[in-house]
Each structure stands twice: as structure tokens, then as C-alpha cells.
Amino acid sequence: MGFAKSPLRGIGSGELMLLMVAAVWGSSYAVAKQATQQLPVLEFLALRFGLTFIVLLPALKTLFTAQGRSGLAVGGMLGANLLAVFLCETFGVSLTTASNAAFLISLCVALTPLVEWWLLGERPQQRVFGAAAISASGAAMLSLTSPAELSVGWGDGLMLLAAFLRAVMVCLTRRLARRHAVPALTLTAVQSGVIAIGAFVLALVRSKGALASLPSGAGFWWAMAYLVMFCTVFAFFAQNHAAARTSPSRVSLLMGSEPVFGALVAVHWLGEDIRPLGWVGGLLIVAAAWWVTLPQRGPMPAATVPSPP
């Protein structure tokens with residue numbers, strides 16, 4: 001077939017979905033920033049993932065089977081991990097500069113091969129480590145275009161922890177998907193429920209039962225609809241789908257292109273300015289993501305072979 005000689009033959013449908021997720025999540029920062037100006041962070045997370053859970057309720061019908069019950073345990077574990085990621089990211093950004101946060105969360109790309117080796121016992125290919133280093137360097141260039149000085153504090157520590165937890169989540173999804181054939185939508189529904197409940201409980205504790213009232217403006221609800229349908233339902237489904245079909249390092253590196261899409265949205269929508277060094281860093285991230293998707297020489301490792309539907 002003609003595709004056999006295509007230079008893009010290393011990119012499968014799952015990896016293309018991951019690039020789409022990176023683009024959607026890159027745009028989500030501006031949307032979420034505007035939404036959280038109208039609703040506190042914990043209430044915002046509870047609402048966002050509560051609505052996602054409601055949208056995905058039909059996918060929970062599989063929980064009445066033996067396979068579904070195992071999916072409940074898997075989704076609960078991954079949902080707790082993801083809740084921790086969101087909490088660390090949200091509060092970390094509030095305690096450090098945006099440039100520090102962008103650099104530190106992007107270290108997930110560099111941490112994933114090491115976590116993959118640690119949790120799965122699979123040593124990634126040598127070029128994966130090289131691509132991770134290139135991607136981290138590009139993220140540093142993007143962050144250093146800000147005049148703010150890099151500093152180490154509680155916010156930096158939380159962002160580094162979020163990057164580590166992101167890497168753990170990708171690897172756990174891969175490992176658990178081998179043992180439990182859980183439909184991606186069911187897994188996303190359970191994760192969303194766990195995050196919604198966790199954020200709601202934390203909001204109750206923080207506010208001592210006096211939760212903030214919901215905004216009535218149409219702009220807020222359009223933003224929420226975009227975040228729920230595209231940045232959560234589609235994005236989590238695509239990530240869960242792809243994580244079970246390709247290596248964690250490739251997942252992380254493809255998702256590492258997220259800051260580039262975020263920069264494009266910031267420039268064209270919010271009118272922010274990015275210096276030439278920042279664009280060079282963005283190109284390095286894209287180059288690293290492209291490099292890791294190139295066809296491998298020799299037989300493809302079993303870990304990257306797509307599992308049957």
C-alpha cells in the first residue's frame with residue numbers, strides 16, 4: 001500500500017489524537033483562566049468534572065459486568081492520581097511565576113522515561129532520552145522569555161510534583177490497561193467522578209459549607225461547555241485510548257507539544273508577546289515530538305503494538 005513508504009507511517013491514529021489533545025489543552029489555559037475569575041478553583045473543578053461525569057453516565061453501564069467492576073478500581077486509582085495532578089498544578093501556579101510553572105510542568109516529558117523504567121521495567125530507546133532532553137530544553141527557552149526570575153519555593157515544588165504525578169499517571173494507565181481491558185469512555189467517566197467528588201469535598205472543607213454561587217453569564221457557561229466536551233471528555237478519552245496502545249514516553253513527548261499550542265493561542269487571542277527565543281524553544285518541542293514518532297529500525301517492540309479492540 002502507498003502508506004508503507006509515507007514519512008508519517010510512524011504516526012498512528014492514537015498519536016494523532018494525542019496531538020489534537022495537546023492543541024485543545026493548549027487552548028484551555030486561556031479559557032480556564034477566564035472561567036476561574038468567576039468561580040473559585042475547587043468549585044470550578046467540581047463543576048467541570050461533575051458535568052463531565054453526567055455526560056458520560058451511559059458509559060458506566062459496563063460497570064455491571066465483571067470487567068466493569070475491575071474498571072471501577074482502575075478508574076478510581078487513576079482518578080485519584082489525576083485529582084492530585086490538578087490540585088498541584090492549580091495551587092502551584094498561584095504560588096510561583098507563570099514561567100516557572102511552564103518549565104516545571106513540562107519536565108513531565110523528561111521524567112516519564114525514568115518513571116517508565118521504574119514502574120514498568122522497560123528501558124526506553126536511547127533516542128527517547130535524547131528527545132526528552134530536547135523537549136525539556138525547549139520548554140526552558142519558552143519559560144525564560146519571561147522577564148521574571150526563576151526561584152525555588154512551595155509553588156515550584158508543587159509544579160515539580162505535578163509533573164512527576166503526570167508521568168506516573170501515564171505509566172499506570174499503560175500498566176493497568178495490560179491487566180484490565182477497560183473501555184476508554186468508562187475509564188474517563190470513573191476518573192471524572194472521582195475528581196468531581198474529591199474537589200467538591202475539598203471545597204466544602206475549605207469554605208466550611210458555604211460554597212460560592214454559580215455564575216449566570218453566558219460566557220462562563222460557553223467556556224464550561226468547551227472545557228467539558230473538548231478539554232475533558234474528548235481529551236481524557238483520547239489519552240486513555242492512546243496510552244494503552246503506545247509507550248508512555250511517546251505519549252508524554254507528544255503531549256509535550258501542548259505549550260506550543262498554548263503559546264499560539266496566547267499570541268493570537270490574548271495578544272501576548274513571545275520573544276524569538278521562545279519560538280525557538282517551541283520548535284524544539286515540536287521537533288522532539290516528531291522525532292520520537294519516526295519508524296523504528298528493526299522489529300517493533302511488543303509494548304507498542306496496538307491491542308485488539
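Residues numbered from 1 in each chain as written. Predicted model: local features only at pLDDT ≥ 70, side-chain atom pairs only at ≥ 80, totals over all residues. Heavy atoms only, no water.

A.B. asks: Help me out: how do you make sense of unusual backbone geometry in this one?
C.D. replies: When glycine is set aside, most residues are seen to have a negative phi, and most peptide bonds are trans. Of note, Lys208 is a non-glycine position whose phi angle comes to about 55°, a positive value. Note that Lys208 resides in the loop between helix H8 (184-207) and helix H9 (218-243). Exposure remark for Lys208: the relative accessible area of 77% places this residue in the exposed category. (Helix = DSSP H or I, 4+ residues; strand = E, 2+ residues; numbered from the N terminus. Buried < 20%, exposed > 50% of the residue type's maximum accessible area, 1.4 Å probe, protein only.)

A.B. asks: Could you clarify how one ought to interpret the packing of aromatic side chains in this entry?
C.D. replies: Each aromatic ring pair is specified by the distance between its two centres and by the angle formed by the two planes. A full pass over the atoms with the stated rule returns five aromatic pairs. Ring geometry for Phe220 against Trp221: centres 5.2 Å apart, planes inclined by 90°, an arrangement best described as edge-to-face. You can call Trp221 partly exposed: its relative accessible area is 33%. (Phe/Tyr/Trp six-rings, centres within 6.5 Å; stacked < 30°, edge-to-face > 60°.)

A.B. asks: Any chance you could explain the nonpolar core here in plain terms?
C.D. replies: The biggest cluster of nonpolar side chains holds 58 residues, and the ones touching the most others in it are Trp25, Phe44, Phe49, Leu82 and Phe236. Counting only elements with at least two residues in this core, the list comes to helix H1 (13-36), helix H2 (41-55), helix H3 (66-95), helix H4 (98-106), helix H5 (108-120), helix H7 (154-179), H8 and H9. If sequence neighbours within four positions are ignored, Phe236 has contacts with Trp25, Phe49, Leu82, Phe86, Thr188, Ile195 and Cys231. (Core = buried A, V, L, I, M, F, W, Y, C linked by side-chain atoms within 4.5 Å. Contact = heavy atoms within 4.5 Å.)

A.B. asks: Help me understand the pattern of salt bridges, please; the structure alone is not making it clear to me.
C.D. replies: Between side chains of opposite charge, a pair can form when the charged atoms approach closely. For the structure on display, the rule yields two salt bridges. We note a salt bridge from Arg206 to Glu43, for which the minimum N-O separation is 3.1 Å. Taken together, the residues span a long stretch of sequence, with Arg206 in helix H8 and Glu43 in helix H2 at a distance of 163 residues. Judged by relative accessible area, which is 7%, Glu43 ranks as buried. (Salt bridge = Lys/Arg side-chain N within 4 Å of Asp/Glu carboxyl O.)

Worth remembering: the numbers are spatial, not functional.
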